[in-house]
Amino acid sequence: MGQKVHPYGLRLGINKTWKSRWYVSPREYADTLHEDLNLRKALMNTSEARSAEIGNVEIVRQPQRVTIVVHTARPGVIIGAKGANIEKISTKLQKLTDKKVQLKIKEIKKPEADAQVIALNVARQLKSKGSFRRALKMATQNAVRGGVQGIKIKVSGRLGGAEMAREMEMKEGRVPLHTFRADIDYGFAEADTTFGKIGCKVWVFKGEILSKDTKEDAGLLVKKTKERSARS
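Below: a short report on this structure. Model, not experiment: these values are computed from the prediction. (Residues numbered from 1 in each chain as written. Predicted model: local features only at pLDDT ≥ 70, side-chain atom pairs only at ≥ 80, totals over all residues. Heavy atoms only, no water.)

What follows concerns the pairing of strand β3 (residues 65–72). In terms of burial, β3 is largely enclosed, as 7 of its 8 residues are buried. Bridge count for strand β2 (residues 54–62) against β3 is 8 bridges, and the pairing is antiparallel. Directly across from isoleucine 54, in β3, lies its bridge partner threonine 72. With 8 bridges connecting them, β3 and strand β4 (residues 100–107) associate as parallel partners. (Buried < 20%, exposed > 50% of the residue type's maximum accessible area, 1.4 Å probe, protein only. Helix = DSSP H or I, 4+ residues; strand = E, 2+ residues; numbered from the N terminus. Pairing = 2+ DSSP bridges.)

Attention now goes to the layout of surface pockets. If you roll a probe as big as a water molecule over the atoms, it shows you where there is empty space left. Size it by volume and the largest pocket reaches roughly 1700 Å³. Along the wall of the largest pocket there are 49 residues; nearest its centre are Met44, Ile54, Gly55, Gln116 and Leu120. Those elements that place two or more of their residues in the lining of the largest pocket are α1 (7–10), α2 (26–45), α3 (47–50), β2, α6 (115–127), β7 (182–193) and β8 (196–208). At 9 residues, the largest contribution of residues to the lining of the largest pocket is made by β7. Of the pockets and cavities examined, the second largest pocket occupies roughly 490 Å³. When residues of the lining of the second largest pocket are traced back to their parent elements, those giving at least two are α1, β5 (150–157), β6 (166–173), β7 and β8. Among the elements that take part in the lining of the second largest pocket, β8 stands out by supplying 4 residues, more than any other. (1 Å grid on protein atoms, 1.4 Å probe; cavity = no way out; pocket = protein on both sides within 12 Å on 5 of 7 lines; lining within 4 Å. Points joined across faces, edges and corners; volume = space filled by probe spheres on them.)

Take the pattern of salt bridges next. Pairs may arise between side chains of opposite charge once their charged atoms sit close together. Under the counting rule described, the total for this entry stands at 12 salt bridges. Linking aspartate 183 and lysine 16 is a salt bridge whose minimum nitrogen-to-oxygen distance equals 2.9 Å. With aspartate 183 in strand β7 and lysine 16 in the loop between α1 and β1 (20–21), this residue pair connects regions lying 167 residues apart in the sequence. Taking relative accessible area as the criterion, lysine 16 reaches 13% and is therefore assigned buried. Bridged by salt links that share partners, the residues Glu35, Asp36 and Arg61 form one connected network. (Salt bridge = Lys/Arg side-chain N within 4 Å of Asp/Glu carboxyl O.)

Spelled out as structure tokens, the structure:
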């Protein structure tokens, strides 16, 4: 039996970094973690953020400040007219923490190649009772046009309002999930339809990351210096 592993968690420390960056004492760890989860949940549940196509939320903590970096495909929706929406969101989030909340907005340059944005788009089409086959086909074609090397989309639930739940998968290109150096972007979204929830998972392969600044073995370095001195 193949054991399913989260593609992002598997690559932490290899070619992915943590979405929350902070350090606290072990006594405060649980409270800080739950505060992070509440901040993310509150942000995603705001009416301003629902239609903004948020791909990623990073939380960076300083001693007196919490910086929340929101990666969105539609920054104008979150910012609002003269920054009205961003102020509303900041006020809501400020109630959840004692520290000062600072919101930063980053635009996703290629939304058609971002896994989370693709998942949200497919989920929105399923919610509006659009054809699921067409939604999957359009998403895969747009992603390939956007320059990704491979994409896999899987939807599961009562597709098309069918009596029995089922799964459907569409794949284009290659998605090497077992390769650690592969840059795999993963996204998940749910569509709340009148006949139940439909889950949508997206894997996007953006190419292999070959790090050149890997630390060389000390023994090899000594050997190289000896070789150089012998040549000279």
